[in-house]
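What the coordinates show
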Amino acid sequence: MSDQKNIGDLIQERFDRRRLLGDLFKAIPVAALMGSQAEAQELPAMAPEMVKAAGPVPREAPKDSRLGFESIGASKDDAISVPPGHGVSVVIKWGDPLFANSPAFSPLNQSGAAQATQFGYNNDWLDFFSLPSPEVSNPASGLLAVNHEYTNPELMFRNWTLAGQTREQTDIELNAHGLTVVEVARDRTGDWNYIAGARLNRRITAFTPMDITGPAAGSELLRTSVDPTGRRVMGTLNNCSGGKTPWGTVLSGEENFHQYFANFSAVPAGPSRANNALYGMPNTTGSYPWNRHYDRFDMAKEPNESFRFGWVVEFDPYDVNSVPKKRTALGRFRHEACTIQIAPDGRIVAYSGDDERFQFAYKFISNGRYNPFDRAANFDLLDDGTLYVAKFNADGTGEWLPMIQGRGPLTAANGFPDQATVLINSRGAAARLGATPMDRPEDMEVNPVNGKVYLALTNNTSRTDRDIDKANPRSNNRFGHIIELTEDNGDHSALRFFWEIFILCGDGKNRAHGTFFAGYDPSQVSALANPDNIAFDSKGNLWIATDGQPNTLGINDGIYAVATDGTERGNVKQLFSGVVGAEAASLVFNPDDSALFITIQHPGEGGRWTDNPADLTSRFPDGAAPNKPAVVAIRKVSGNPVVGS
């Protein structure tokens, strides 16, 4: 079946399904964006050549557009592009000192101890926490919680080689992972800056002690020679996407943890091997040589250490002494996102995706109920409840399948002797239940206006014609797509849902891409591919960060906005273009939408920092070597909300 035929069917099914569902939710109009580019070149923390004013695509904006800014043109330049009327500045970058005693960053004189007190590497997910407490809504100052997903040693260390990696370089990498909590504030000019030495600044690294909690805590599979209890683990790794709870705690998902381990082939047959069979553990060497210096990354010596990663980590950003906890009730996989909703009966619902080809979308429903009057009473809600996995039916309905030991195929005879094993091997359990394999499920976010859930699927070039289904309708899906999911009766704790394709990504002007933009004219939208993290503004517009456009569309990754309701539903518009080699990894608004924070991850990836300046493909953000991942903030020069007039 051809892509074009599938997409024609999808368009018809979309309108049929919307007539069937009716108007379950009312949409709220959003004011248009206006302004002129007055201050975009005056950037105290960014080299001037790293930002350019991007001219709009020569096309008149529809008069009833809910997103009034003119879409910028695609870019391949090593410079950030923004529309007229918008300013952008660097808030914080790799190596910036966080504490009063932190040393200044010295690229040629790095150390593990210094990195533990400085902003980490490859910032990904981030969220904004108001000050002085989670009960307030302060648009002018707050805490940024920022994930540090992974490291690029070839860009961090001059003339680095894999064979020559030292113990000190390994320690620097371990301390460059994890998270940063940092206080930020808006100055009189409207720019945002971080505050070095602020009381709540914090680094969490691969060396930070953490508790393992929930049903899998203490399992034999989590026990190691260092921790025979299976309840205490050192650090967190590959923190990609995450979330924020209503009680004001950070949720950070551990994604591609497998790549740090080595020698899976040496693990003998048995539970340790069987329950890692679907997780891509390296048979010999992984992507990092850390096992040379630390036995815990050598599976021949510590076959259970890897089971202690792949979880969601929760901690309190308002308490620098809070002990992070790995919440095993949420399952173990390559976690993308942990988006929290409160069900009508007060139970907590957490949505999350497993970011790999042919993996699954999940949600967790707590047994306990949220208490809005006692913050501390909510701290362990994510330890007790049921994990579900999604099955997308061809008729546009769906089911959440409970992952409970002893039910259906999740029996001891099938390799699941207890609930701990179901959670540790969530992938195996989900496959046994018949969940729908998806095209790299990444972020899952809930629209604050219409209550629907949006699932970003980045790509799947391994899907063939034999593998396609209604929810994943393209073989060789290079461009990815976004699904819109409506829970039954608008209740996020429901076990039935309705779904439809919202966007099939690609260049709408290229018919061979087979795009679909919620029924909007594909020739009138910005080219978009590889949706990664997503977010919503307060008016219900969807904002999309991309990861992979240089390889699919031949342009830099960026940030896009699209209305989800009304006449502009599906009209994708590009606000921001990143720099060479970089992913626009994640994004979040402050409480009044006057600032949009974006993480610029792995700038210059594909190059190297050597004695030859030509080997470095990007010099973001300060025009010098080495390039540095960073958090930037976009604002309207007029001071109005980024999403308002």
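Residues numbered from 1 in each chain as written. Predicted model: local features only at pLDDT ≥ 70, side-chain atom pairs only at ≥ 80, totals over all residues. Heavy atoms only, no water.

1. Quick look at the sheet that holds strand 32 (residues 596-601)
Sheet architecture is open: four strands sit in the order 3-33-32-31, paired in antiparallel fashion. The open sheet terminates on both sides in strands that have one partner only, identified here as strand 3 (86-93) and strand 31 (583-589). Across the sheet, the axes of successive neighbouring strands diverge by a mean angle of 25°, strand direction being ignored. (Pairing = 2+ DSSP bridges. Helix = DSSP H or I, 4+ residues; strand = E, 2+ residues; numbered from the N terminus. Axes fitted to C-alpha atoms, helices over the stretch in contact; angles between N-to-C directions.)

2. Section: the sheet that holds strand 11 (residues 239-244)
Pairing in this open sheet of six strands is mixed, and the strands run 10-9-14-13-12-11 from one edge to the other. The outermost strands of the open sheet, each flanked by one partner alone, are strand 10 (232-234) and strand 11. Averaged over all neighbouring strand pairs, the angle between strand axes comes to 35°, with direction disregarded. The sheet contact formed by strand 9 (residues 209-213) and strand 10 spans three bridges and is antiparallel. Bridge pairing in strand 10 places D211 opposite R232.

3. Structural notes on the pattern of salt bridges
Scanning the entire structure with this criterion turns up 30 salt bridges. Residue D354 is joined to R427 by a salt bridge in which the shortest nitrogen-to-oxygen separation is 2.7 Å. Remark: R427 occurs in helix 7 (residues 426-433) and D354 occurs in strand 16 (residues 347-354); sequence separation between them is 73 residues. Here D354 matches R427 in class, with each residue buried. (Salt bridge = Lys/Arg side-chain N within 4 Å of Asp/Glu carboxyl O. Buried < 20%, exposed > 50% of the residue type's maximum accessible area, 1.4 Å probe, protein only.)

4. Comments concerning the nonpolar core
Y260, F261 and F297 are the most contacted members of the largest nonpolar core, which has 41 residues in total. Of all the elements in the fold, those that place two or more residues in this core are strand 4 (123-130), strand 5 (141-148), strand 6 (178-186), strand 9, strand 13 (312-315) and helix 6 (419-424). Every residue in contact with F261, bar those within four places of it in the chain, is listed here: M281, P282, T285, G286, R296, F297, M299, E305, S306 and F309. One finds A582, L587, F589 and L596 within the second-largest nonpolar core, a separate group that totals 31 residues. (Core = buried A, V, L, I, M, F, W, Y, C linked by side-chain atoms within 4.5 Å. Contact = heavy atoms within 4.5 Å.)

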